[in-house]
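Now for the letters of each chain:
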Amino acid sequence: MSKLCHRAVKCSVYAAVAAMLLASAFRVSAADAHTEVVGKSLDGRPIECQVYGEGEDVLWIIATIHGNEAAGTPLVAEFVKWLKLHPEELKGRRVVVTPVANPDGFADNVRHNRTGVDLNRNFPAGNFDSKVKVYGETPLSEPESRSLMRVLSQYFPDRVVTIHQPLDCMDWDGDASKPMAEAMAAKCRLPVKQVGSRPGSLGSFVGLTLGKPIVTMELPEKAGMDGDVLWKEYGESLIAALRYDHQEQADSSKGSPQ
Ligand SMILES: [Zn+2]
């Protein structure tokens, strides 16, 4: 089989997996929670958000903002299953899940969106770089990044986990994020490692511009798409993100009262 042909087969397998996941795994019954469409991709694919719980403490988990780094999608599907089995974990909490932030890229197994913009460089962080064409002409120039911004302003999460590949580490942006990265890394094989804040990334925007905890969970290149396998390896660290008490961390870092 030629290299090109092999790539085409691989792409069609990814497209089939994408369609399957979008069609079934993320259809949540109204009784469980609510799912909302927060926007559409350039190709008109819905960008969905699932919302569980009604508490004040809000965790947002995003998968597959880079379409060819898709292992986070089956991993968050497993997290949702676990959450449904453990409704007590939602006491005082709300969990917002975006299973596929870049549906066009996911369908084609490519990093960028349909116009070739890297969505994870398209946020209005202080370090947005307008000189690089693939970062977009302006912050939020793309419908996908605007959809994610809508989630941010609507739910204003206390902390965020964004799942990528292939750097094989628990990366963080901003001082408030490191203890959360450590809490998550303690529950899986990924070491805490700061990769560096990328221009206009969601990490830069949430961690540096907004000063809120955000962890970029970088799964390995060959993480695969098997939810069971991913959950066994990384599920506990998502649970740690859920249980992470950012307020307690902020209070303890202030030290003892005088
Ligand atoms: Zn990425």
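All values derive from a computational prediction rather than experimental measurement.

### Quick word on the environment of Pro74
Line of reasoning, step 1. Counting through the fold element by element, Pro74 comes out in helix 2 (residues 72-85).
Line of reasoning, step 2. Once the C-alpha coordinates of Pro74 and Gly224 are considered, the two residues, 150 residues apart in sequence, prove to be 9.3 Å apart.

### Thoughts on the nonpolar core
Line of reasoning, step 1. Counting 58 residues, the largest nonpolar core has Ile61, Met184, Val215 and Ala241 as its most contacted members.
Line of reasoning, step 2. Ignoring anything within four residues of it in the chain, the contact list for Ile61 reads Val76, Phe79, Val97, Val161 and Leu238.

### Description of unusual backbone geometry
Line of reasoning, step 1. Of note, the amide linkage connecting Gln165 to Pro166 takes the cis form, showing an omega dihedral of 0°.
Line of reasoning, step 2. Following the sequence through the fold, Pro166 ends up in the loop between strand 5 (159-164) and strand 6 (167-172).
Line of reasoning, step 3. For Leu140, which is not a glycine, the phi torsion comes out positive at approximately 60°.
Line of reasoning, step 4. Looking at the element boundaries, Leu140 is found in the loop between helix 3 (103-108) and helix 4 (143-155).
Line of reasoning, step 5. What makes Leu140 partly exposed here is the crowd of 17 C-beta atoms within 10 Å.
Line of reasoning, step 6. Even without being glycine, Asp168 reaches a positive phi, approximately 60°.
Line of reasoning, step 7. Position of Asp168 among the secondary structure elements: in strand 6.

### So, the packing of helix 2 against helix 7 (residues 227-243)
Helix-helix packing: each pair is described by the crossing angle between the helix axes and the interaxial distance.
Line of reasoning, step 1. Contact geometry of helix 2 with helix 7 gives a least axis separation of 9 Å together with a crossing angle of 65°. In terms of axis orientation, helix 2 runs roughly perpendicular to helix 7. Every pair of crossing elements has a handedness; the one defined by helix 2 and helix 7 is right-handed. Of helix 7, the residues touching helix 2 (which contributes Pro74, Leu75, Ala77, Glu78, Phe79 and Trp82) are Gly227, Leu230, Trp231, Tyr234, Gly235 and Leu238.
Line of reasoning, step 2. When its residues are assigned to classes, the contact of helix 2 with helix 7 shows nine nonpolar, two polar and one charged.

### Digging into the sheet that holds strand 2 (residues 46-52)
What links the strands of a sheet is backbone hydrogen bonding, and the strands pair in either a parallel or an antiparallel sense.
Line of reasoning, step 1. Taken together, the seven strands give an open sheet; going across it, the order is 1-2-4-3-5-7-6, and neighbouring strands pair in mixed fashion. Whereas interior strands pair on both sides, the edge strands pair on one side only; in this sheet they are strand 1 (34-40) and strand 6. This sheet shows a mean twist of 15° between the axes of neighbouring strands, independent of strand direction.
Line of reasoning, step 2. Note that strand 5 and strand 7 (residues 214-220) share five bridges and pair parallel. Opposite Ile163, over in strand 7, you have Met217 as the bridge partner.
Line of reasoning, step 3. Contacts from helix 2 reach strand 2, strand 3 (57-63), strand 4 (93-98), strand 5 and strand 7 within the one sheet, and its direction differs from that of strand 3 by about 145°.
Line of reasoning, step 4. Of the strands in this sheet, strand 5, strand 6 and strand 7 are in contact with helix 6 (residues 202-209), which crosses strand 7 at around 150°.

Basis of the calculations
- Residues numbered from 1 in each chain as written.
- Predicted model: local features only at pLDDT ≥ 70, side-chain atom pairs only at ≥ 80, totals over all residues.
- Helix = DSSP H or I, 4+ residues; strand = E, 2+ residues; numbered from the N terminus.
- Core = buried A, V, L, I, M, F, W, Y, C linked by C-beta atoms within 7 Å.
- Buried ≥ 20, exposed ≤ 12 C-beta atoms within 10 Å, placed from the backbone.
- Contact = placed C-beta atoms within 7 Å.
- Axes fitted to C-alpha atoms, helices over the stretch in contact; angles between N-to-C directions.
- Parallel < 35°, antiparallel > 145°, perpendicular 65-115°, else oblique.
- Left-handed = near helix turned anticlockwise from the far one by under 90°.
- Nonpolar A, V, L, I, M, F, W, Y, C, P; charged D, E, K, R; others polar.
- Pairing = 2+ DSSP bridges.

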